[in-house]
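This is what each chain is made of:
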Amino acid sequence: MEALLKKELGTSRLKPSGHAGGGCISEGKSYETDDGMVFVKMNHKNQARQMFEGEEASLKAILETGTVKVPKPMKVISLQNGGAVFVMEHLDMRSLHRYSGQLGEQLAELHLHNQRQREREKEEEQTIGKAARQSVDKFGFHTTTCCGYLPQMNDWQSDWVAFYSQQRLQYQISMVMKTYGDREVHELWSRLQLKIPQLFTGIKVFPALLHGDLWGGNVAECAEGPVTFDPSSFYGHSEFEMSIAGMFGGFRSSFYTAYYGKIPKAPGFEERHQLYQLFHYLNHWNHFGGEYKGSSLRLMRNLVEHLSA
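Just so it is clear, the structure is predicted and the values come from calculations on it, not from any experiment. (Residues numbered from 1 in each chain as written. Predicted model: local features only at pLDDT ≥ 70, side-chain atom pairs only at ≥ 80, totals over all residues. Heavy atoms only, no water.)

Description of the overall build of the protein
Secondary structure assignment for the protein yields 9 helices and 11 strands. Taken over the C-alpha trace, the protein has a radius of gyration of 20 Å; the compact-globule value for 309 residues is 19 Å, and the two agree within 12%. Seen through its principal axes, the protein has C-alpha atoms that stretch 65 × 55 × 35 Å. Taking the intrachain contacts of the protein between residues at least 6 apart in sequence as the baseline, contacts between residues at least 24 apart amount to 63%. Counting 34 positive and 35 negative side-chain charges, the protein places the centres of these two groups 2 Å from one another. (Helix = DSSP H or I, 4+ residues; strand = E, 2+ residues; numbered from the N terminus. Rg over C-alpha atoms; globule rule 2.2 N^0.38 Å. Contact = heavy atoms within 4.5 Å. Lys, Arg positive; Asp, Glu negative; His and termini not counted. Charge placed at Lys NZ, Arg CZ, Asp CG, Glu CD.)

Following this line, the structure appears as structure tokens:
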């Protein structure tokens, strides 16, 4: 692999630096090159290139907003024996601590960026009669992204409830049914999907660019501020972002205080929070097996009971 990396990166020097990382899905290692340090993620699954290309597109989209820091993507390279590697900027990172509140502020800025862009365009239309459209007015993304290694449907839709119900929950539930044939999931979903619109009564959802997989393992800090990485981006409801953040901990109260200081909770937040956590529990069930079955079913029962009351 080192010969391939040297060729693709155009470097004569490729020395492992001792910095290693990775999670449940991919391995990672830093290297010294002729042009400085790079971080290389590697995955041997057949769908690795699609996964890394979605991450690359996500990082580019977040970078363009100038809000929260992410590693700069460099190149996705296919491996000869299957799988792929993803080369990106190396960042000296440590656990998020000092900059927790700043991350909350910057995440809110990321979520507000598209809406503010649309407001600027409207002002230009009023003053000069025409504005170049850069804002996004639908939900989805321009390419496939993966949450973990499972691909996400990102077809553009104008209705958020339809997008989330069909392209997030239904997709995950179909995988659960195919793998496990769980009858209770099928019965609960047949009742829940009809009631989801009730959770959005009086709520206007504007498409926000999301990190998409913002749990404690995907945030850190470097000398100059907070960092996020391993995104699974799409344009969706900003509330969705906070669903996985609360599932596994890792975020200080200063993070939430700063975020909700810029984007206050809307009425019905807690019920929608459960709806958004349901996606992640189902996704974990499909990744890691039945230990997430109980949490998934419990959330579905709670939502059905609440919406039937």
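This is not the end of the story, as more comes after the structure.
Some details on the nonpolar core
Core analysis: the biggest nonpolar cluster contains 77 residues, and Trp160, Tyr164, Leu169, Leu192, Ile196, Phe200 and Leu275 have the highest contact counts within it. Sequence-distant contacts of Leu169, that is, excluding residues within four places in its chain, are made with Tyr164, Trp189, Ile196, Leu275, Leu278, Phe279 and Leu282. If you look at the next biggest cluster of nonpolar residues, it comprises 12 residues, including Leu14, Met42, Leu79 and Val87. (Core = buried A, V, L, I, M, F, W, Y, C linked by side-chain atoms within 4.5 Å. Buried < 20%, exposed > 50% of the residue type's maximum accessible area, 1.4 Å probe, protein only.)

Here's the deal with the packing of aromatic side chains
Evaluated as defined, the whole model comprises 24 aromatic pairs. The interplanar angle of 85° and the centroid separation of 5.9 Å between the aromatic rings of Tyr260 and Phe269 together place this pair among those described as edge-to-face. According to the relative accessible area criterion, Phe269 is buried, its value standing at 6%. Pairwise contacts between aromatic rings join Phe139, Trp160, Phe163, Tyr164, Phe234, Phe240, Tyr276 and Phe279 into one cluster. Note that Lys45 overlies the ring of Tyr149, its terminal NZ or CZ placed 4.4 Å from the centroid. The positively charged end of Arg272 is found above the aromatic ring belonging to Phe200, 5.9 Å away from the centroid. (Phe/Tyr/Trp six-rings, centres within 6.5 Å; stacked < 30°, edge-to-face > 60°. Lys NZ or Arg CZ within 6 Å of the ring centre and 35° of its normal.)

A word on the side chain of Glu121
Relative to the helices and strands, Glu121 resides in helix 3 (residues 100–128). The class of Glu121 is buried, set by a relative accessible area of 1%. Within the structure, the side chain of Glu121 is placed 3.3 Å from the side chain of Arg133, a separation counted as a polar contact. (Polar contact = N/O pair within 3.5 Å; in protein donor to acceptor, adjacent residues only side chain to side chain.)

Some points on the side chain of Asn286
Among the structural elements, Asn286 can be located in helix 8 (residues 269–288). Of note is the side chain of Asn286, whose polar atom sits 3.4 Å from the backbone nitrogen of Val176. Ignoring anything within four residues of it in the chain, the contact list for Asn286 reads Tyr149, Leu150, Gln172, Met175 and Val176.

What about unusual backbone geometry?
In the Ramachandran plot, Asp230 falls in the positive-phi region, its phi being about 50° despite a non-glycine side chain. In this fold, Asp230 is placed in the loop between strand 10 (225–228) and strand 11 (234–236).

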